[in-house]
Every structure is written in structure tokens, then in C-alpha cells.
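Residue-level listing of the chains:
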Amino acid sequence: MTSQPHWKKLCIQKQKAQHAAIPTEWLLSDQPSSPPANTLNIPSTCGLLTSRELMITETTDVDVILHKLRTAEWTSLEVTTAFYKRAIIAHQLTNCLTEIFVDHALARARFLDDFLHKTGKVVGPLHGLPVSLKDQFTLKGLETVMGYVAGIGKYADRDSVIVEILYACGAVPFVRTNVPQTLMWGETYNHVFGRTLNPYNRSLTPGGSSGGEGALLAMKGSPLGVGTDIGGSLRIPSAFCGLYTLRPSYTRLPYYGAANALSGQESISSVLGPMANSLSGVKVFMTAIIGEKPWRLDPVVARKPWSEEEWNLCEHGGVDAQLCFAIMWDNGVVRPHPPLIRAMQMTRDALEKAGHKVIDWEPHRHLEIYKNAETIFVADGNHDYRTQCAISGEPLIQTMVPAEDEDEAQGYEFEAPYPYVKALVGDPPEHRRAYDLWKLHDEKRELRKSHLDHWERTTSRTGTGRPVDAIISPAVAYTAVPHGLNTDSFYTTLCNALDYTTSVFPVTFVDPELDTPHEPHDFYNHEDEAIFKLYQTHIFEGCPVGLQLVGKTLEEEAVLRMTYIVDDALKTWKSQSRN
């Protein structure tokens, strides 16, 4: 019998330590060996949460939670405890957590309650609110594994800047959440913690790389989470898990001190952003963090305070103006599945009913932008990934398809298509010289200028005297897919390459009666064909369907306000359609 490699032993030890950090009274005592595909209702039926804890954790409007914390109607200790218990339930069903530090979080909550009781004041705008963090944001004294075995035993000696600011705002960081090895996957699996599952259907992926956050928030195990995005890592899990998010521009929020893959690659920067079950959670995060003047702690952050003028759409005719949205029905690389088409039709009808104008978006040089961005990502010839793996000896994960020893491999009947992106960038990719990388940067700047000019020329079609106010498109060409099959990310990567501020909002759910398969089209490439053939309604029934709203660079206030406008229009349209 061959002995286990050292890296596997480290993983086992870390998993045992993680399990030992869970209070035994929070464990599901009668968890079935094969939980149901959809686990969303288990927190309310398992008996671990009191009726008050269920009331607290079912409250998705973060403004409501914060009001009750400010007025001491709810204590931070009871709110943090309630969400912690629900997070642990979510973890047992979806494997969404990495670091569990109950005592530390509850001590912080007690401190905040004492502060409010003694002074009558809150520490800051997020006073007492539990906040979950993707497993990149370092917390002093905790390991930062970040999907690599090499991260085991790597304890942070200081907090990342976003954690410093969350503390200043009065928040309670309380869990960290799972990510894929390398971070550069649209799914969530690594050798240390394993695979995260989608609570809407455990046979499907929650997305990635902020997939742990997506699954946790979908289970309502956190009121507000913080993820990151370099190619869609906030937006893909949010779309797959029925959440709201905002991908800000490169320099708006503080990333300093966070662990990262491809560290030093600054042509297409990873950004952090909020994920929540409500738009109020997204907005309160943005105003709170920006209100703490993050440019004083992170030299890359733009000195740009939150602008009420931009929130009131000063560059878009004002809040009462008719807006013009453009819908990108298809990006010319992968055609969306039927539920995405229906979601865009619903959004178009809702906006027109609300008095806004909707036109079709004409894609511009998309394949060139896609190839340029993805080539930049692998300009080191995967040297960064191999270097991190070599530290521990773990192998570099080559596919997200479940391995034979995973439970998710049972009954797995899919074959992942060869990713089209590999045909674009080379397989294996070339390790480029600095001069070659500079040429890619030159090309990217020219592409950004070309796309901006294309957008500005829409003034001739909008009827408002302005260019299109925002683009609405799929965040992904499909809803959550079986593990290993999330191979396309260009609907999201487009915005990273162009640095466009982008949100995601939920629209509907897959309905087999409404979302019947379409007739074949002239396929753009082999991946487009494989994705078309994947669509079968019984696989995707009940999955959330989300879209993204794309604004221009550093338009966080306006993009968020327009997302409210779209979300409100959809809610009104749905209500009227039912009556």
C-alpha cells in the first residue's frame, strides 16, 4: 500500500480542524445520506433555528436589519448567532465555508452591543451586521488558504484593508467562503476543502470563483457577502444563485492586503464587491466603504467620494428622465439558452411599460476583446499556478468535472466541451516576454477606445440626445450548469477587459413550460454548439435566471440606481401581469 502524499495529509488535517471548529449543537443530527437536490428549505425545517432566528435570517433587506440593530430591537449577538447557525447548516449541505471562527465573531458582536448600550451610538453604518468574506480577505491570526494547499499554515499577521474598513464601519466578519484552486474558474472546487454545491440543485455548480459566497447567500446564511471579480467571479455566482451584486471599476474599492492569484498582473485587475439577497445590501456596502475614504488606506483607490449627483443620474437626464437601455441578445460567441432570452424579453417589456426606451445592442469586436483579455490572463504561461502548486506538491487541477472519488461523480453523464478560450490563447499557453505583454496592453487600450466610440455613436439611435444609458445582457449564456460544464465566461469578461461597472440582478426561474428548447442556429464555434445541445429543461428546472446591467467606467452610483429602476420595473410588471 502506497502512503498518501504529504499534501493530501495536510488537506485531511485542515478538514478535521475545520469540522472541529463547528459547535456540535449546530450539526444536523438527522442529515440524510443523500440530501434533496434543492436544500433551500432545510434551515427552516431542520429544527436547529428558533422561530426568532428564522425571522432574523429570513430578513433579506439589509436596511431593515441595520435599523433593528441601531435601535437595539435586535442585538448584534443574536443576529450574528442566528446567521452563524444558518451558515453552518448551509455549509453541511453545500460545503460553502473555509474558515470558521465562532468565538472571535461572537466576541466582536458582544463588544458592539456593549458599545451601543454604554454610549447610545453605533460604531459605524454597518453596526452589528455579520458579513461573510471570500477566502482571499486576510484576517489577522487566521490562515488564508485561497484554494491552494500551500495556504495551509499561512497565518495572516494583519487584516486586509477591506477588513480594516469593515471593522471601522461596525461590521462583524464571521465566516470565510470557498474558492477554486487558482481562482480562475467559474466553479468552486479545490483539493483542500472540496467542491461547493448549488443549493437550488446540488448537482449543479454555484459558479465561481466566489461560489462559496453564492451558495451561502442563497441559503440565507449571511445577510451580506464580499467577493471578487476578474472575469465574472462576482457576477457568475450571483446569476447562478439568484443574487444581486456590483462589479465596480478597477480603482473604486480597496483590494490591498487581500491574497490573490496572478498577483502583480494589473492590466485587468481583480476587484472586490458586495453580494446580497437585496439591492439595499449592495448599496449600503458601497456607501459605507466609500464613506470611510478608502484611498487613505489603499494607494490604488481613486479619491472619489460617493456622489449623490451621480446616484440621481445627473449624466443620464435625471431620475425622472426616460432612459434608453440596449439589450445584448447575443454576443456573437455563445448564444444564450432559452431562459435567458425570456428574461431579457421580460426586462424589455417591463422597462417599456415603465416608459423607458429599449433598443438592440450591436456587439462590437467582441471576439477580439475576448482573445486579448484571455491572452493577458495566461501571459505567464500558467507559471503562477504551477509555482503555487509546486510549493506543496499538489497537482494543478485541469478540469472541474467531478473526479471518480467524489459523490458528485455518481450518475454523472456529461462530457465537458473543449473550452473555446483554449483554442484562442493556445494550449498550453505561451509564456510571453514583457515586450509581447506590452503589445497586448496596447491592443487592449485600442479596443477599449473603439468600444467606447461605438457606445457613444448610439446617440443617433436612442432618441434621448444621449448615448445608451446602460446595456442589459446575460451574465452567463446559461443558468447554473452541471459541475464541470461552466466553460464560457465572455459575457462577464467583456466588462473586466473594458472596465465597465456592472451589476447583476435576478429576473425569474427556469420554467420547462415556458423555456422550451430552440431550433438549432448556425453555431459560432464548437463550444456554442455544445452549450446549445446541453439545454434540456429537466436539468435546469427551477434555477434562478439573472441578467447583468453594464454601465461605463467608474459609474457605480449610476449603475446601481439604474439597477434599482430595472428591478422596480420588473416587480411592477410581474405584479400587473399576474392580475
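Look up: the structure comes first, before these words.
Residues numbered from 1 in each chain as written. Predicted model: local features only at pLDDT ≥ 70, side-chain atom pairs only at ≥ 80, totals over all residues. Heavy atoms only, no water.

A. Representation of the overall build of the protein chain in the model. Scanning the protein chain from N- to C-terminus turns up 21 helices and 13 strands. A compact globule built from 579 residues would reach a C-alpha radius of gyration of about 25 Å, and the protein chain, at 23 Å, matches this within 12%. Across its three principal axes, the protein chain shows a C-alpha extent of roughly 65 × 60 × 50 Å. Residues counted as buried form 61% of the 579 residues belonging to the protein chain. (Helix = DSSP H or I, 4+ residues; strand = E, 2+ residues; numbered from the N terminus. Rg over C-alpha atoms; globule rule 2.2 N^0.38 Å. Buried < 20%, exposed > 50% of the residue type's maximum accessible area, 1.4 Å probe, protein only.)

B. Local environment of the sheet that holds strand 1 (residues 97-100). Strand order in the open sheet made by the 11 strands is 1-3-2-6-8-7-12-13-11-9-10, with mixed pairing throughout. The open sheet has two free edges, formed respectively by strand 1 and strand 10 (357-360), since each of these has just one partner strand. Averaged over all adjacent pairs, the angle separating strand axes in this sheet is 30°, with direction ignored. Here seven bridges tie strand 12 (residues 502-509) to strand 13 (residues 544-550), and the two strands are oriented antiparallel to one another. Among the inter-strand pairings, threonine 502 is bridged to a residue of strand 13, identified as valine 550. The strands touched by helix 6 (residues 102-119) within the sheet are strand 1 and strand 3 (172-177), with strand 3 carrying the most contacts at an inclination of about 160°. (Pairing = 2+ DSSP bridges. Axes fitted to C-alpha atoms, helices over the stretch in contact; angles between N-to-C directions. Contact = heavy atoms within 4.5 Å.)

C. Structural view of the environment of lysine 571. Within the element layout of this structure, lysine 571 appears in helix 21 (residues 556-578). Judged by relative accessible area, lysine 571 falls into the partly exposed class, the value being 47%. Once the C-alpha coordinates of lysine 571 and valine 507 are considered, the two residues, 64 residues apart in sequence, prove to be 9.0 Å apart.

D. Inspection of empty space enclosed by the protein at higher detail. Tallying each qualifying case throughout the model produces two cavities of 30 Å³ or more. Put simply, the largest cavity is a space of about 70 Å³. Taken together, 14 residues make up the lining of the largest cavity; nearest its centre are Leu183, Met184, Ile230, Asn260 and Ser270. Across the lining of the largest cavity, the residue classes break down as six nonpolar, six polar and two charged. For the second largest cavity, the full set of lining residues is Thr57, Thr59, Thr60, Phe83, Lys220, Ser222, Pro223 and Asn277. (1 Å grid on protein atoms, 1.4 Å probe; cavity = no way out; pocket = protein on both sides within 12 Å on 5 of 7 lines; lining within 4 Å. Points joined across faces, edges and corners; volume = space filled by probe spheres on them. Nonpolar A, V, L, I, M, F, W, Y, C, P; charged D, E, K, R; others polar.)

E. The nonpolar core, seen in detail. Residues Tyr84 and Phe285 are the most contacted members of the largest nonpolar core, which totals 159 residues. Per-element accounting of this core gives the leading share, nine residues, to helix 5 (residues 76-94). The contact partners of tyrosine 84, leaving out residues within four places of it in the chain, are Trp26, Ile100, Phe101, Val102, Ala105, Phe174 and Val175. Among the nonpolar cores identified, the runner-up in size contains eight residues, and Met146, Tyr148, Val179 and Cys389 belong to it. (Core = buried A, V, L, I, M, F, W, Y, C linked by side-chain atoms within 4.5 Å.)

F. Geometry of the pattern of salt bridges. Tallied over the entire structure, the rule returns 29 salt bridges. Residues lysine 14 and glutamate 143 are paired through a salt bridge, measuring 2.6 Å at the closest nitrogen-oxygen approach. In this pair, lysine 14 sits in helix 1 (residues 6-20) while glutamate 143 sits in the loop between strand 2 (130-134) and helix 7 (161-168), placing the two residues 129 residues apart along the sequence. Per residue, the accessibility class of lysine 14 equals that of glutamate 143, and both read buried. Its salt-bridge partner being arginine 348, residue aspartate 349 comes within 3.1 Å of it at the nearest N-O pair. Several salt bridges share partner residues, and in doing so they unite Arg252, Lys304, Glu310, Glu556 and Glu557 into one network. (Salt bridge = Lys/Arg side-chain N within 4 Å of Asp/Glu carboxyl O.)

G. The packing of helix 10 (residues 279-291) against helix 21, seen in detail. Direction vectors running N to C along helix 10 and helix 21 enclose 165°, while the axes themselves pass 11 Å from each other. Considering their axes alone, helix 10 and helix 21 lie roughly antiparallel with respect to each other. Read as a crossing pair, helix 10 and helix 21 show a hand that is left-handed. Contacts from Leu279, Ser280, Val282, Lys283 and Met286 in helix 10 reach Glu556, Leu560, Thr563, Tyr564 and Asp567 in helix 21. (Parallel < 35°, antiparallel > 145°, perpendicular 65-115°, else oblique. Left-handed = near helix turned anticlockwise from the far one by under 90°.)

H. Quick look at the pairing of strand 6 (residues 225-229). Counted residue by residue, strand 6 has five buried out of five residues, so it is predominantly covered. Residues Gly225, Gly227 and Asp229 point to one face of strand 6 and Val226 and Thr228 to the other, with burial holding for every one of them. Inspection of the sheet shows strand 2 paired to strand 6 by two bridges, in the parallel sense. Across the sheet, the residue bridging to serine 132 is glycine 225, located in strand 6. In this sheet, strand 8 (residues 271-276) lies alongside strand 6 in antiparallel orientation, the contact comprising five bridges. Looking at the pairing, aspartate 229 lines up with valine 271 of strand 8.

I. Main features of the layout of surface pockets. Put simply, the largest pocket is a space of about 1600 Å³. In this structure, the largest pocket is lined by 48 residues; those nearest its centre are Arg195, Leu197, Glu406, Asp407 and Glu408. Counting residues per element, the ones that place at least two in the lining of the largest pocket are helix 1, helix 5, strand 4 (189-190), strand 5 (194-195) and helix 20 (537-540). At seven residues, the largest contribution of residues to the lining of the largest pocket is made by helix 1.

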